[in-house]
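# Coordinate analysis (summary)
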Amino acid sequence: MDIHPEFSLYVTVFIVLLFSPFSSGRLSSSEAQTLFRFRSQLEYPPVIKWWSRYTDFCSLPSSPSLTIVCTENRITELTVTGDKGPPPPPPSLDSTRSAQPFHVSQQSLSSRFSIDSLFTTLSKLHSLEVLSLVSLGLWGPFPVKTSRFSTLRVLNLSSNFIYGQIPQQVSSLSSLQSLVLDNNLLNGTVPDFGGLTGLQELDLGNNLLGPELPSLGNKLVSVILKSNRFRSSIPSQLKNFNELQKFDVSSNKIVGPIPPLFSLPQIQYVNLAGNQLSGALPSNIICNNELGYVDLSHNLLIGKLPACIRSNFSNRVVFYSWNCLSSVDSVHQHPHSSCHEEAIAAVAPPITKKASKNKLVLVLVICGASIGCLIVLGILGWIIFRKMVSQNADKALVHKSVTQKAPMQVPSRMVADNRHMSQGVKLGAMGLPPYTVLTLEELEEATNNFDPSNLIGEESKGQMYRGWMRDGSVVMIRCVKLGLKFSHQNLMQYMEFISKIRHRHVVSILGHHIDSNSIYLVFESVSNGTLRSHLTGRQNQEMSKWPQRVSTVIGIARGIQFLHTGLVPAIFGNDLKIDNIVLDENLIAKINGYNLPLPSKDKIPKAGSESPNRSDNIRSNSDGEKEDIYQLGVILIQIVTGNPISSKKEVEAMKQKLERSLADGPKKLQAAIDSSMRGAFVYESVRNAVEIALNCLSTDINKRPSVDDILWNLQYCIQIQDGWTSSENLSAQSQRFNT
């Protein structure tokens, strides 16, 4: 039978199309293999789990969670992000073992994960210019091998569990334009970034960095160093940063005067709140017309507020409460004397060279006379020390954590230069929609005109309804009746504060609506049950594993830290019961029912027991903070033992039981631990967690640890577990529970 020529042509075209995925126009085979190994090392997160040998990586459509860009068959951009977590701060910390599609699940990756191996693999992508790995549960020390990416322009590793110092090698990435490392556990001194002349965006917020502010290049557009432990002064060189648009160093302990930031030619956003900045601002400063946001609150500033940053400018939002400023509302200012005294205490006077020389002779004489005594005392001390070590070896780790405090806190995001960033990098992991001001019609549509069938409950702070938005998302809507009349300015300042309550470990606020006598607050819906139900009801087998339990407590602690340090004013005295900790579908812990402030007739919202009186305010904040720490300790002992606690009497009984178990040794402690926890877990890790909990429950509130100490210790528990799990000592260590 003759075959028609046209039919033959169709067959040929069909065959070409059929086998086109293997054509030379695709990604090179070596880089494809690198991606498959990368996927395996990330433990097959759902967003990339579906890759196969037929996948045309260079033709995949871009999305906020996955972007791959190729140039001449080589990858130039790789973006993989989770989809849980508010912006800002950036998205949730995730792991990768969820059966649910398009969600990166849980928190830190398993003990098999090696961040060093991951970056060894990625370094084989020799043309990589953009690397963004956000909310994937990466853990381990900051990868030194990032220095191998000589062509890298954008590096985003935000919202992970990366700890340790940022290595100096990062400053050798001469092509770097954007460095985003917020929401990790990084600590120590920041490298000198002054040589990175192309760097435009730097975001190190919500880490443990300090005490010195880093040296920076003057081409930066966005600098976010908020919520760390920086204690130095703001360098005067900032006056030469002519391209700077955003500068945020809030929630640190920065001292000294404020340099001339407000007149920079491009500046739009300045946040200096929650520091120890002192002195008077020049009355004749001229502000850039584009300056739209200034927050000077909670510092030690004196004098008059310059005319150009007064809040009566229609296009400019200014906060300046809790300083010692004159010619402003004195109700929300401290007395002038308190700022003067605290400023002196905050800044230690420098030692001159002449004074140091005079003191040197005296120091040498004293040292010479003391050396003989020290030698004798040293020998005696060494003998005593050796005996103490042999008797108290099991207590060494916890004392280490108390003396080696690490810093930490919260983030924010502003893209420096949209021209060099992909959509995936710009959006990060936008798990929640942007904050929105809604209409009453939208809320009525979401709740079916506030139908009683959608009413969840009534409480002192209003009625709570379940609603469905037009995009299909489920939300919770709280209606708060206003019993008093409030000025437009007061309500706007209140909503400005409310809009900042967005964090991956707090049930976040998505938007609001205000009418004549009510405020409607729209919350995210978290519908995977409470922490209690997961512990006692065994809803999810992952919660039976010790690493997941520790990760859950880390999440709660980070939520507390945000409420305490990430907001001005802070939110203390939160109802941190195990029933008020909810888990999302990826087992991310979120604090629900926190002490959300109501509107006030004052110009700023009041949270907890805030008081205009300074001494009362400090005392009440301290008490509220330590009460939250106590409640976190109660949650932690329930995590360890699996036993629900409903009264203070039960807390004391469990506390005494755990104290006896620690004193009696591993076998007794094993008997007190939740028997449902499966898999290998290390005695030192569990013991350290128990000691943290007992410290939180101390009857002396001054002996309760800070939330920073707790986070350091919990991360240390993870490191102990991972270290033993990945070594040959695991079996020997596990046997200690049975000896």
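The notes below deal with the structure included here. For clarity, every value in this text was computed on a predicted model and none was experimentally measured. (Residues numbered from 1 in each chain as written. Predicted model: local features only at pLDDT ≥ 70, side-chain atom pairs only at ≥ 80, totals over all residues. Heavy atoms only, no water.)

### A short note on the sheet that holds strand S11 (residues 222–224)
Taken in spatial order, the 11 strands make up an open sheet running S1-S2-S3-S5-S7-S9-S11-S12-S14-S16-S18, and their pairing is mixed. Each of the sheet's edge strands pairs with one partner strand only, and the pair in question is strand S1 (66–71) and strand S18 (317–319). Neighbour to neighbour, the strand axes of the sheet diverge by 10° on average, direction disregarded. Of the pairings in the sheet, the one linking S11 to strand S12 (residues 246–248) comprises three bridges and is parallel in character. What sits directly across from Ile224, in S12, is Asp248. (Pairing = 2+ DSSP bridges. Helix = DSSP H or I, 4+ residues; strand = E, 2+ residues; numbered from the N terminus. Axes fitted to C-alpha atoms, helices over the stretch in contact; angles between N-to-C directions.)

### A short note on helix H12 (residues 546–565)
Taking 1.5 Å per residue, 20 residues should reach 28 Å; H12 reaches 28 Å between its end C-alpha atoms and fits that length. Summarising burial for H12: 18 of the 20 residues are buried, a large majority. (Expected span 1.5 Å × (residues − 1). Buried < 20%, exposed > 50% of the residue type's maximum accessible area, 1.4 Å probe, protein only.)

### A look at the packing of helix H2 (residues 29–41) against helix H4 (residues 115–122)
Interaxial distance between H2 and H4 falls to 9 Å at its minimum, and their mutual angle equals 165°. Put simply, H2 runs roughly antiparallel to H4. As for how H2 packs across H4, the hand of that crossing is left-handed. Across the interface between the two elements, Thr34, Arg37, Phe38 and Gln41 of H2 pack against Ser117, Leu118, Thr121 and Leu122 of H4. Class assignment of the residues belonging to the contact of H2 with H4 gives a composition of three nonpolar, four polar and one charged. (Parallel < 35°, antiparallel > 145°, perpendicular 65-115°, else oblique. Left-handed = near helix turned anticlockwise from the far one by under 90°. Contact = heavy atoms within 4.5 Å. Nonpolar A, V, L, I, M, F, W, Y, C, P; charged D, E, K, R; others polar.)

### Describing the state of the cysteines
Using the criterion set out here, one finds three disulfides in the structure. Paired by a disulfide, Cys58 and Cys70 hold their sulfur atoms 2.1 Å apart. Taking the torsion about the S-S bond as the criterion, the Cys58 to Cys70 disulfide, at about -85°, is left-handed. In this pair, Cys58 sits in the loop between helix H3 (46–49) and S1 while Cys70 sits in strand S1, placing the two residues 12 residues apart along the sequence. Look at Cys70 and you get partly exposed, because its relative accessible area is 21%. For the chain, numbering the cysteines in disulfides from first to last along the sequence yields the connectivity 1-2, 3-4, 5-6. (Disulfide = S-S within 2.5 Å.)

### What to know about the nonpolar core
In terms of nonpolar packing, the biggest core is built from 161 residues, with Leu78, Leu133, Ile309 and Ile501 touching the most fellow members. The residues touching Ile309, leaving out its near neighbours within four places in the chain, are Phe262, Leu281, Cys287, Leu291, Val294, Leu296, Arg316 and Val318. Core analysis: the next-biggest nonpolar cluster, separate from the first, contains 12 residues, Leu438, Leu443, Ile477 and Tyr520 among them. (Core = buried A, V, L, I, M, F, W, Y, C linked by side-chain atoms within 4.5 Å.)

### Re unusual backbone geometry
Residue Pro211 is bonded to the preceding Gly210 through a cis peptide linkage, with omega at 5°. With respect to the element layout, Pro211 can be found in the loop between strand S10 (208–209) and S11. With an omega of 0°, the peptide bond running from Val568 to Pro569 counts as cis. The residue Pro569 is located in the loop between H12 and strand S26 (581–583) in this model. Not every positive phi belongs to a glycine, and Glu43 is a case in point at roughly 65°. By the secondary structure assignment, Glu43 is in the loop between H2 and H3. Looking at Glu43, the relative accessible area reads 10%, which means it is buried. Positive phi values are uncommon outside glycine, yet Glu72 reaches one of about 55°.

### Looking at the sheet that holds S10
Spatially, the four strands line up as an open sheet ordered S4-S6-S8-S10, and their pairing is parallel. This sheet does not close on itself; its edge strands, each paired only once, are strand S4 (139–141) and S10. Note that S4 and strand S6 (residues 161–164) share three bridges and pair parallel. By the bridge assignment, Gly140 is partnered in S6 with Ile162.

### Some words on the packing of aromatic side chains
If you walk through the whole model with that rule in mind, you get nine aromatic pairs. Both rings, one in Phe450 and one in Tyr465, keep their centres 5.1 Å apart while their planes meet at 75°; by these two values the pair is edge-to-face. Of this pair, Phe450 sits in the loop between helix H9 (440–447) and strand S21 (455–459) while Tyr465 sits in strand S22 (residues 462–468), and the two are 15 residues apart along the sequence. An identical accessibility class is assigned to Phe450 and Tyr465; each is buried. An aromatic cluster is built from Phe36, Trp51 and Phe57, whose rings are joined through pairwise contacts. In this structure, Lys648 is placed above the aromatic ring of Tyr630, and the distance from its NZ or CZ to the ring centre is 5.2 Å. (Phe/Tyr/Trp six-rings, centres within 6.5 Å; stacked < 30°, edge-to-face > 60°. Lys NZ or Arg CZ within 6 Å of the ring centre and 35° of its normal.)

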